[in-house]
Amino acid sequence: QAQLVESGGGLVQPGGSLRLSCLASEIAFSLYNLGWYRQAPGKQRELVATITRDDTTNYADSVKGRFTISRDNARNSVYLQMNSLKSEDTAVYYCNANKRIGITRDYWGQGTQVTVSS
């Protein structure tokens, strides 16, 4: 069964850093585009960053210059390095994998909590 598992969330002070990881299993990882999304209380889930099969990246304006998404196909993992964190970054962060080759697929992790507070 395909599975995405996030880790690395926690409590951090404003201006601090955190690195999120997402480990995928039972999928042909290299065929998938990957992304990080987040959902704050009372708000809709929003895109944070994406990375394609060929390492093209895209970021939400709110995190551009502060966050970096990367992938390691050998480890079936995608990462989100978060620097200069702000209180408005507080949310549950979700990992996503989607495939557009062959049969279309979309998978989501269960999320990891990131809280930015002093």
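Residues numbered from 1 in each chain as written. Predicted model: local features only at pLDDT ≥ 70, side-chain atom pairs only at ≥ 80, totals over all residues. Heavy atoms only, no water.

Draft legend 1. Main features of the overall build of the protein chain. The helix and strand tally for the protein chain stands at 0 helices and 11 strands. The helix and strand sequence of the protein chain, counted from the amino end, reads β-β-β-β-β-β-β-β-β-β-β. Computed over its C-alpha atoms, the radius of gyration of the protein chain comes to 14 Å, within 12% of the 13 Å expected for a compact globule of 118 residues. For the protein chain, the residues scored as buried account for 39% of the 118 residues in total. (Helix = DSSP H or I, 4+ residues; strand = E, 2+ residues; numbered from the N terminus. Rg over C-alpha atoms; globule rule 2.2 N^0.38 Å. Buried < 20%, exposed > 50% of the residue type's maximum accessible area, 1.4 Å probe, protein only.)

Draft legend 2. Geometry of the side chain of Asp89. Note that Asp89 resides in the loop between strand E8 (77-82) and strand E9 (91-99). A polar contact of 2.8 Å, which involves the side chain of Asp89, links it to the backbone nitrogen of Lys86. Ignoring sequence-local partners within four residues, the contact set of Asp89 consists of Arg38, Val63, Arg66, Phe67, Ser84, Val114 and Val116. (Polar contact = N/O pair within 3.5 Å; in protein donor to acceptor, adjacent residues only side chain to side chain. Contact = heavy atoms within 4.5 Å.)

Draft legend 3. Spotlight on the pattern of salt bridges. In total, this model carries 6 salt bridges according to the counting rule given. In this structure, the salt-bridge partner of Asp89 is Arg38, at a minimum N-O distance of 2.9 Å. Taken together, the positions of Asp89 in the loop between E8 and E9 and Arg38 in strand E4 (residues 33-39) put the pair 51 residues apart, joining distant regions of the chain. For the pair Asp89 and Arg38, a shared accessibility class is recorded, and that class is buried. Measuring nitrogen to oxygen at the nearest pair gives 3.7 Å for the salt bridge that ties Arg75 to Asp72. Judged by relative accessible area, Asp72 falls into the partly exposed class, the value being 23%. (Salt bridge = Lys/Arg side-chain N within 4 Å of Asp/Glu carboxyl O.)

Draft legend 4. Main features of the pairing of E8. Counting buried positions along E8 gives 5 out of 6 residues, so the element sits mostly inside the fold. Relative to E8, strand E3 (residues 18-25) runs antiparallel, the two sharing 6 bridges. Within E8, the residue paired with Leu18 across the bridge is Met82. Summarising the sheet, strand E7 (residues 67-72) and E8 pair through 6 bridges and their orientation is antiparallel. Residue pairing in the sheet places Ile69 in a bridge with Leu80 of E8. The antiparallel pairing of E7 with E8 creates a hairpin that spans 4 residues between the two strands, and Asn76 there sits at a positive phi of about 50°. (Pairing = 2+ DSSP bridges.)

Draft legend 5. How the structure looks around the nonpolar core. Counting residues in hydrophobic clusters, the biggest one holds 29 residues, and the most contacted among them are Trp36, Leu80, Met82 and Tyr93. Secondary-structure elements contributing two or more residues to this core are E3, E4, strand E5 (46-51), E7, E8, E9 and strand E11 (112-116). Once you skip the residues sitting within four places of it in the chain, Met82 turns out to touch Gly16, Ser17, Leu18, Leu20, Arg66, Phe67, Tyr93 and Val114. (Core = buried A, V, L, I, M, F, W, Y, C linked by side-chain atoms within 4.5 Å.)

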